[in-house]
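Structural description and commentary
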Amino acid sequence: MRLLKQLVAVAAVAFVGSMGVGAVQGNTLLTLVLGVATAVLAVFVYARVVRWSERREPVEVATKGAAAAVGRGTLIGIGMFVAVIANIAVLGGYRVVGQGSVSGAVALFGFMAAAAVTEELIFRGILFRIIEERAGTWLALALTSLLFGMSHLFNPNASLWGAIAIAIEAGAMLAAAYAATRTLWVPIGLHFGWNFAAAGIFSTEVSGNGATEGLLHGVTSGPALLTGGAFGPEASPYAVVFGALLTIVFMWLARRRGNLVPRRRGARTDATATLSQ
């Protein structure tokens, strides 16, 4: 039942926060403040509910070293997106045609902070971590990656390929980042860096949610197979390749550091029972 207790608590914060951010959309300062406040509150609630339901300290969100870990993850996420968009641009699929909006980028900072934190707490902090205890690292990675991809099918311009791409390049990569570091701060930073670079810097579509207004006024054109089409660069083969490569690197680190959890006997049954709670 701890999975259900933790999911309900964090999901409630995510829902209320998203409603609040949506209500003040268009107001840069309020969007930034509410977005960051949602992120902070979600971590606080997660830590409290883990202490209550598991009788332990939530070391995965320990404050010591948090800023540095988030910073490292953010740089990796931004670097990964820059590599993707640069490859698309070389083939003529993306170009910058002017200056974008600073206020738009500031608002997106708050929005993406809330999204990155709440999604990482739910998918990696709760689902992956608890399933891993019963089913092992590899099965937990596969199951939560699939769920993460499927959750993006509800977006406005979603596609099956986009969901599959998200499962591979993001779901697996972010779970692997947690397995390698055993802290949620790195995947949170990675998730935020990728999303903010896509929306807040290069003004591209993010997971089928439509074009955004970031620091650069960018235009995407050309075949959807290259650019990701209406779903955005996350559905580009370049994103899948770079995400898969990072997943391999993180899983190698996890194995080297002795962080891989072996599958227990009856793990498939346990994992199915856990997901049904």
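Everything discussed here concerns the structure shown above.
Please read all numbers here as calculations on a predicted model, not as lab measurements.

Looking at the element boundaries, Leu41 is found in helix H2 (residues 28-54). Residue classification places Leu41 among the partly exposed residues on the basis of a relative accessible area of 42%. Leu41 sits 157 residues away from Ala198 along the chain, and the two C-alpha atoms are 25 Å apart.

The first and last C-alpha atoms of helix H6 (residues 160-181) sit 31 Å apart over 22 residues, in line with the 32 Å expected at 1.5 Å per residue. Along H6, the helix axis deviates most sharply at Ala167, where the bend reaches about 35°. For H6, the buried fraction is high: 17 of the 22 residues fall into the buried class. Looking one or two places after H6, you find Arg182, whose phi comes out positive at around 55°.

Next up on the list: the side chain of Asn259. The residue Asn259 is located in the loop between helix H9 (237-256) and helix H10 (267-276) in this model. Those residues in contact with Asn259, other than ones at most four positions away along the chain, are Glu132, Thr137, Ala179, Ala180, Thr181, Arg182 and Ala254.

Let's shift gears to the environment of Ala135. In this structure, Ala135 sits in helix H4 (residues 102-135). When the C-alpha positions of Ala135 and Ala113 are compared, they lie 30 Å apart, and in sequence the two are 22 residues distant.

The subject of this paragraph is helix H7 (residues 185-201). Among the 17 residues that make up H7, 17 are buried, leaving the element largely enclosed by the rest of the structure. Trailing H7 by a residue or two, Ser203 shows a phi angle of about 55°, which is positive.

A separate point is the pattern of salt bridges. Summed over the entire model, instances satisfying the criterion amount to 10 salt bridges. Taking the shortest distance from any N to any O, the salt bridge between Arg51 and Glu57 comes out at 3.2 Å. Take Arg51: its relative accessible area is 36%, and that puts it in the partly exposed class. A salt bridge links Glu60 to Arg56, with the shortest nitrogen-to-oxygen separation between them at 2.9 Å. Residue classification places Glu60 among the buried positions, given a relative accessible area of 2%. One salt-bridge network, in which partners are shared between bridges, spans Arg2, Glu54, Arg56, Glu60, Arg129 and Glu133.

Right, let's get into the layout of surface pockets. If you add up the space inside the largest pocket, you get close to 1200 Å³. Residue lining of the largest pocket: 49 residues in total, with Phe111, Met112, Ala115, Glu119 and Asn209 positioned closest to the centre. Those elements giving two or more residues to the lining of the largest pocket turn out to be helix H1 (2-23), H2, H4, helix H5 (137-151), H6 and H7. With 12 residues, H4 is the largest single contributor of residues to the lining of the largest pocket. For the lining of the largest pocket, the class distribution of residues is 24 nonpolar, 21 polar and four charged.

Let's shift gears to the packing of helix H3 (residues 66-90) against H7. Packing of H3 against H7 brings their axes to within 6 Å, and their N-to-C directions diverge by 40°. Accordingly, the angle class assigned to the pair H3 and H7 is oblique. Read as a crossing pair, H3 and H7 show a hand that is right-handed. Side by side, H3 and H7 meet where Ala66, Ala69, Val70, Arg72, Gly73, Thr74, Ile76, Gly77, Ile78, Met80, Phe81 and Val84 of the first sit next to Trp185, Val186, Gly189, Leu190, Phe192, Gly193, Trp194, Ala197 and Ala198 of the second. Grouping the amino acids of the contact of H3 with H7 by side-chain chemistry returns 15 nonpolar, five polar and one charged.

Turning next to the nonpolar core. Tyr46, Val61 and Leu121 are the most contacted members of the largest nonpolar core, which has 70 residues in total. Counting only elements with at least two residues in this core, the list comes to H1, H2, H3, H4, H5, H6, H7 and H9. Ranked by residue count, the leading element in this core is H4, at 15 residues. Not counting residues up to four positions away in its chain, the partners in contact with Tyr46 are Val10, Glu60, Val61, Leu121, Gly125, Ile126, Arg129 and Leu184.

Turning to the packing of H3 against H9, a few remarks are in order. At a minimum axis separation of 9 Å, H3 and H9 run at an interaxial angle of 145°. As for the relative orientation of H3 and H9, their crossing is right-handed in sense. Of the residues in H9, those in contact with Ile76, Met80, Ala83, Val84, Asn87 and Ile88 of H3 are Tyr238, Ala239, Phe242, Gly243, Leu246 and Phe250. Among the residues making up the contact of H3 with H9, the classes are represented as 10 nonpolar, two polar and no charged.

Conventions and cut-offs
- Throughout, a residue's number is its position along its own chain's written sequence, starting from 1.
- Local features in this predicted model are restricted to residues whose pLDDT is 70 or higher, and side-chain atom pairs enter the listing and the counts only when it is 80 or higher, whereas totals over whole chains, interfaces and linings include all residues.
- Only hydrogens and water are removed before side-chain values are computed, so all heavy atoms of the structure are retained for them.
- Going along the chain from the N terminus, every DSSP run of H or I of four or more residues is numbered as a helix, and every run of E of two or more is numbered as a strand.
- Burial classification: accessible surface area is computed with a 1.4 Å probe over protein chains only, and a residue below 20% of its type maximum counts as buried, one above 50% as exposed, and the rest as partly exposed.
- Between the first and last residue of a helix there are one fewer steps than residues, each counted as 1.5 Å, and that sum is the expected span.
- Axes are fitted to the seven residues ending at a residue and to the seven starting at it; the angle between these axes is taken as the bend at that residue.
- Contacts between residues were defined by any pair of non-hydrogen atoms, one from each residue, lying within 4.5 Å.
- The rule for a salt bridge is simple: a side-chain nitrogen of Lys or Arg has to be within 4 Å of a carboxyl oxygen of Asp or Glu.
- The distinction between a cavity and a pocket rests on a 1 Å grid over the protein atoms alone: a 1.4 Å probe fits inside a cavity but cannot get out, while a pocket stays open yet meets protein on both sides within 12 Å along at least five of seven lines, and a residue with an atom within 4 Å of a point counts as lining.
- Grid points are joined across faces, edges and corners, and a volume is the space filled by probe spheres set on the points.
- Just so you know the grouping, Ala, Val, Leu, Ile, Met, Phe, Trp, Tyr, Cys and Pro go in nonpolar, Asp, Glu, Lys and Arg go in charged, and all remaining residues, Gly too, go in polar.
- Axis definition: a line fitted to C-alpha atoms, limited for helices to the stretch in contact. Angles are taken between N-to-C directions and run from 0 to 180 degrees.
- Any angle between 65 and 115 degrees counts as roughly perpendicular, while under 35 counts as roughly parallel, over 145 as roughly antiparallel, and the rest as oblique.
- Whether a crossing is left-handed or right-handed is set by the direction in which the near helix is turned from the far one by less than a right angle, anticlockwise for left-handed and clockwise for right-handed.
- The term nonpolar core refers to a set of buried residues drawn from Ala, Val, Leu, Ile, Met, Phe, Trp, Tyr and Cys, joined through side-chain atoms within 4.5 Å.

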